[in-house]
Amino acid sequence: MSDTYEKPRPVIDDGTRPFWDAAREHRLSIPHCRSCGQSHFYPRELCPHCHSDDLEWSDVSGKGEIYSFTVARKPAGPVFADDVPYVIAMIALDEGPRMLTNIVTPDVEQVAIGDRVTVRYDDVAPDLTLPKFTLDKD
Amino acid sequence: MTMAREAVIVGAGDVPLEDGKVVGGGSVLQVQARAAKAALDDARLSMGDVDGLLVAGLWGVPGPGILPSVTLGEYLGIIPRFADTTNIGGSAFEAHVAHAAMAIEKGYCDVALIVYGSTQRSERSRTLGGRPSVLTMQFENVWGIPQPVGGYAMAARRHMHEFGTTEEQLAEIAVATRAWASLNPAATMRDPITIDDVMTSTPIADPLKRLDCCLVTDGAGAIVMTTAENARAHGAKAIHLRGYGEAHTHWSIGAMPDLARLTAAEIASRNAFEMAGISHDAVDIVECYDSFTITVLMTLEALGFCKPGEGGAFVSGQRTAPGGAFPLNTNGGGLSYCHPGMYGMFLLVEAVRQLRGEAGDRQVSGVNTALVHGTGGTLSSGATVILANN
Ligand SMILES: [Zn+2]
């Protein structure tokens with residue numbers, strides 16, 4: 001794996017580093033609130049549901065379903081041009097929160113809302129892993 | 001007993017466009033100064049009268065645009081005692097009208113100038129990439145989501161899934177809006193289009209196609225507000241502000257509470273209708289943000305002109321076109337007139353012209369009450385104002 005990844009990289013900060021560190025270890029970790037019992041994503045300092053600061057990082061199943069998606073027919077800038085058409089999806093994780101990701105599939109035309117999906121780790125650079133998803137029906 | 005101060009709109013102005021570019025060119029500061037002068041001339045007031053300045057923009061960042069009212073006040077040669085740089089996206093100017101009204105009615109300023117300008121078309125500065133991958137955006141940009149169309153596309157897809165809305169119904173909005181633009185000599189795109197034209201236009205982000213998307217143009221506009229008493233003293237035509245409201249829910253599309261509902265517009269418009277004390281039937285025209293066709297459909301539902309999920313049927317059969325039952329976006333909108341980045345200013349300018357009977361070939365007859373609703377960010381913010389000419 002050479003470090004020639006040219007697409008946008010997350011500018012990782014103290015509040016988000018545990019998520020990206022876990023991804024490099026091929027774990028999906030998101031904050032869970034000990035006060036109200038709900039999880040959330042992206043990671044915040046206070047629970048967006050009950051505003052408690054009693055949060056812990058918790059590994060989740062990496063399974064969920066497609067809440068919505070789009071097929072990009074025009075790229076988000078030149079670095080994505082070779083990928084067109086590609087799928088950006090909002091996944092509803094089985095643990096509740098939604099997250100944006102890519103669906104990796106040989107056939108973008110068959111993606112549908114409600115499809116079951118499973119996380120798949122894409123080690124795009126030595127220091128960066130992106131949690132993408134595949135269709136369980138693929 | 002002293003009479004309460006009532007804030008009114010007394011001036012509206014913009015700059016001429018040709019092929020979506022400011023005629024004669026100019027920097028983003030120059031075009032804002034021209035729009036401000038046009039609105040003040042319209043109001044029969046002068047720059048020296050302005051003591052409230054409300055500005056939001058995308059210009060000069062990094063640089064002097066970080067403090068936009070301070071920079072623009074300096075450039076215009078004025079010393080405001082009230083400033084508001086609320087930036088909630090393209091709906092900022094509807095919020096500015098509300099904020100200026102509160103400041104004027106409180107006596108915090110007497111003449112408020114609201115200004116916007118952009119030279120993005122001339123500068124060729126707009127792309128689908130864009131936002132730096134810092135803070136919240138680190139969870140969006142890495143996936144290559146085209147900004148902002150990708151978020152709107154996902155909302156459209158979800159709306160279609162939940163309610164059976166069709167791409168043809170979205171196309172109805174683009175066709176009707178173009179028909180209005182054909183009546184507006186200032187509109188960038190004036191040739192009539194068909195539903196088939198929209199359906200076969202270049203795919204951008206499914207289900208949205210080129211003709212579902214707003215233009216990328218230059219533009220500058222301004223609104224002037226003062227007290228009703230001051231308006232009378234200067235012989236200016238006053239447009240009254242009957243109600244207003246605003247809200248915002250998210251910027252990251254992943255944090256939008258419900259992709260098939262415009263929560264911010266529901267809250268903002270409920271506030272505005274309650275304050276105005278009128279029913280939907282009393283609204284003669286609606287000017288609402290049309291960054292994309294789906295924006296309009298979801299906005300009409302959220303404003304309460306139809307029920308959630310009924311937007312598709314509501315716009316079908318060209319009901320919002322000239323001569324239709326529901327006059328909407330009568331200048332040709334962001335889809336066909338102009339869209340200089342933050343379009344909400346131009347909704348206000350058009351509403352004022354319609355309420356005064358100054359809209360030329362596109363004038364709707366018998367307009368007494370107009371509802372203006374801006375949407376900003378990625379379906380993030382909503383701000384409603386209800387205006388009346390009596
Ligand atoms: Zn909680």
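Residues numbered from 1 in each chain as written. Chains lettered and ligands numbered in written order. Predicted model: local features only at pLDDT ≥ 70, side-chain atom pairs only at ≥ 80, totals over all residues. Heavy atoms only, no water.

> Give me the overall build of chain A: which residues, what numbers.
For chain A, the count of helices and strands is one helix and seven strands. Taken from N to C terminus, the helices and strands of chain A fall in the order α-β-β-β-β-β-β-β. The C-alpha radius of gyration computed for chain A amounts to 16 Å, which stays within 12% of the reference 14 Å derived for 138 residues, consistent with globular compactness. For chain A, the spread of C-alpha atoms along the three principal axes comes to 45 × 35 × 25 Å. The long-range share in chain A, meaning contacts at least 24 apart out of those at least 6 apart in sequence, stands at 52%. When the accessible surface of chain A is summed, it comes to about 6,400 Å², and 45% of that surface belongs to carbon and sulfur atoms. Treating the 15 positive side-chain charges of chain A as one cloud and the 24 negative ones as another, the clouds have centres 3 Å apart. (Helix = DSSP H or I, 4+ residues; strand = E, 2+ residues; numbered from the N terminus. Rg over C-alpha atoms; globule rule 2.2 N^0.38 Å. Contact = heavy atoms within 4.5 Å. Areas by Shrake-Rupley, 256 points an atom, 1.4 Å probe, with all protein chains shown as cover. Lys, Arg positive; Asp, Glu negative; His and termini not counted. Charge placed at Lys NZ, Arg CZ, Asp CG, Glu CD.)

> How would you summarise the environment of A:Val119 if you had to cite specific residues and measurements?
Residue and element names in this part refer to chain A. Positionally, Val 119 belongs in strand S6 (residues 116-125). For Val 119, a relative accessible area of 17% translates into the label buried. In this structure the C-alpha to C-alpha distance between Val 119 and Ile 91, which are 28 residues apart in sequence, comes to 10 Å. Each residue touching Val 119, except ones within four places of it in the same chain, is listed here: Gly 62, Pro 131, Lys 132 and Phe 133. (Buried < 20%, exposed > 50% of the residue type's maximum accessible area, 1.4 Å probe, protein only.)

> Please give an account of empty space enclosed by the protein that cites residues and values.
One pass over the full model with this rule turns up three cavities of 30 Å³ or more. Its boundaries defined by the atoms lining it, the largest cavity holds a volume of some 90 Å³. Lining the largest cavity, in full, are A:Phe41, A:Tyr42, A:Arg98, A:Met99, A:Leu100, B:Phe139, B:Glu140, B:Ser252, B:Gly254 and B:Ala255. Taken as a whole, the second largest cavity spans an internal volume of roughly 40 Å³. When residues of the lining of the second largest cavity are assigned to their parent elements, the largest contribution, three residues, is made by helix H10 (residues 293-303) of chain B. Looking at side-chain class alone, the lining of the second largest cavity contains five nonpolar, no polar and three charged residues. (1 Å grid on protein atoms, 1.4 Å probe; cavity = no way out; pocket = protein on both sides within 12 Å on 5 of 7 lines; lining within 4 Å. Points joined across faces, edges and corners; volume = space filled by probe spheres on them. Nonpolar A, V, L, I, M, F, W, Y, C, P; charged D, E, K, R; others polar.)

> Tell me about the coordination of the zinc ion, and please be specific about residues and values.
Residues and elements named next belong to chain A. Coordination sphere of the zinc ion, protein contribution only: Cys 33 (SG), Cys 36 (SG), Cys 47 (SG) and Cys 50 (SG), at 2.3 to 2.4 Å. For the zinc ion, the four donor atoms are set out with angles of 101 to 113° between them, so the coordination reads as tetrahedral. For the zinc ion, all donor residues lie on one chain, and their spacing in sequence is C-x2-C-x10-C-x2-C. Highlighted residues: Cys 33 in strand S1 (residues 29-33) and Cys 47 in the loop between S1 and strand S2 (55-59), separated in sequence by 14 residues. Here Cys 33 and Cys 47 have matching classes, each one buried. (Donors = N, O, S within 2.8 Å, 3.2 Å for Na, K, Ca; no water. Tetrahedral: all angles 85-135°; square planar, octahedral: opposite > 155°, others 65-115°.)

> Tell me about the state of the cysteines, residues and numbers included.
All names here are of chain B. Summed over all chains, the structure comprises zero disulfides over all chains. Residue Cys 214 stays outside any disulfide, its sulfur separated by 6.9 Å from that of Cys 213, the closest cysteine. Since its relative accessible area comes to 18%, Cys 214 is described here as buried. (Disulfide = S-S within 2.5 Å.)

> So what's going on with H10(B)? Residues and values would help.
Most of H10(B) is tucked away: eleven of the eleven residues are buried. Of the residues flanking the end of H10(B), it is B:Gly304, one or two places downstream, whose phi is positive at about 95°.

> Tell me about the pairing of strand S11 (residues 285-288) of chain B, residues and numbers included.
Residue and element names in this part refer to chain B. Neither face of S11 is exposed, since Ile 285 and Glu 287 on one face and Val 286 and Cys 288 on the opposite face are all buried. The sheet contact formed by S11 and strand S12 (residues 369-376) spans four bridges and is parallel. Bridging across to S12, Glu 287 finds its partner in Val 372. (Pairing = 2+ DSSP bridges.)

> Pulling in residues and values, what's your account of the layout of surface pockets?
Quantified by volume, the second largest pocket comes out at close to 400 Å³. Along the walls of the second largest pocket sit 21 residues, with A:Phe41, A:Arg44, A:His49, B:Gly254 and B:Ala255 positioned nearest its centre. When the residues that make up the lining of the second largest pocket are grouped by side-chain class, the tally is eight nonpolar, ten polar and three charged.

> Break down the pairing of strand S10 (residues 239-248) of chain B for me, citing the residues and quoting the values.
Residues and elements named next belong to chain B. Across the ten residues that make up S10, a large majority, seven, are buried. Where strand S1 (residues 7-14) lies against S10, two bridges are found, and the strand directions are antiparallel. Across the sheet, Ile 9 pairs through a bridge with Ile 239, a residue of S10. Where S10 meets strand S13 (residues 381-388), eight bridges bridge the pair, whose relative direction is antiparallel. Within S13, the residue paired with Gly 245 across the bridge is Thr 384.

> A description of the sheet that holds S13(B) should follow, citing residues and the corresponding values.
Residues and elements named next belong to chain B. Taking strand neighbours across the sheet as the criterion, the nine strands line up as S5-S4-S6-S9-S1-S10-S13-S12-S11 in an open arrangement whose pairing is mixed. In this open sheet, the two strands that pair with only one neighbour each are strand S5 (82-84) and S11. The mean inter-strand angle of the sheet, taken between neighbouring strand axes irrespective of direction, is 25°. Note that strand S4 (residues 52-55) and strand S6 (residues 112-118) share four bridges and pair parallel. From the neighbouring strand, Leu 53 faces S6, where its bridge partner is Leu 113. (Axes fitted to C-alpha atoms, helices over the stretch in contact; angles between N-to-C directions.)

> I'd like a rundown of the confidence of the model for chain B, residues and numbers included.
When pLDDT is averaged along chain B, the result is 96, and 98% of the positions lie at 70 or above. The ipTM for the predicted assembly is 0.97, set against a pTM of 0.97. (pLDDT = per-residue confidence, 0-100.)

> Would you mind going over the interface of chain B and chain A in detail, with residue names and values included?
The extent of an interface is frequently quoted as the accessible surface area lost upon association of the parts. Opposite the 35 residues of chain B that make contact, chain A presents 38 residues. Between chain B and chain A, roughly 3,000 Å² of surface is buried when both sides are summed, and carbon and sulfur atoms account for 65% of that area. The tally of links between chain B and chain A comes to one salt bridge. The partner of A:Arg73 in a salt bridge is B:Asp206, with the nearest N and O atoms 2.7 Å apart. Secondary-structure elements contributing two or more residues to the side of chain B that touches chain A are helix H5 (149-163) and strand S7 (203-205) of chain B. Tallying contributions element by element places H5(B) first for the side of chain B that touches chain A, with six residues. (Buried area = accessible area lost by both parts, 1.4 Å probe. Salt bridge = Lys/Arg side-chain N within 4 Å of Asp/Glu carboxyl O.)

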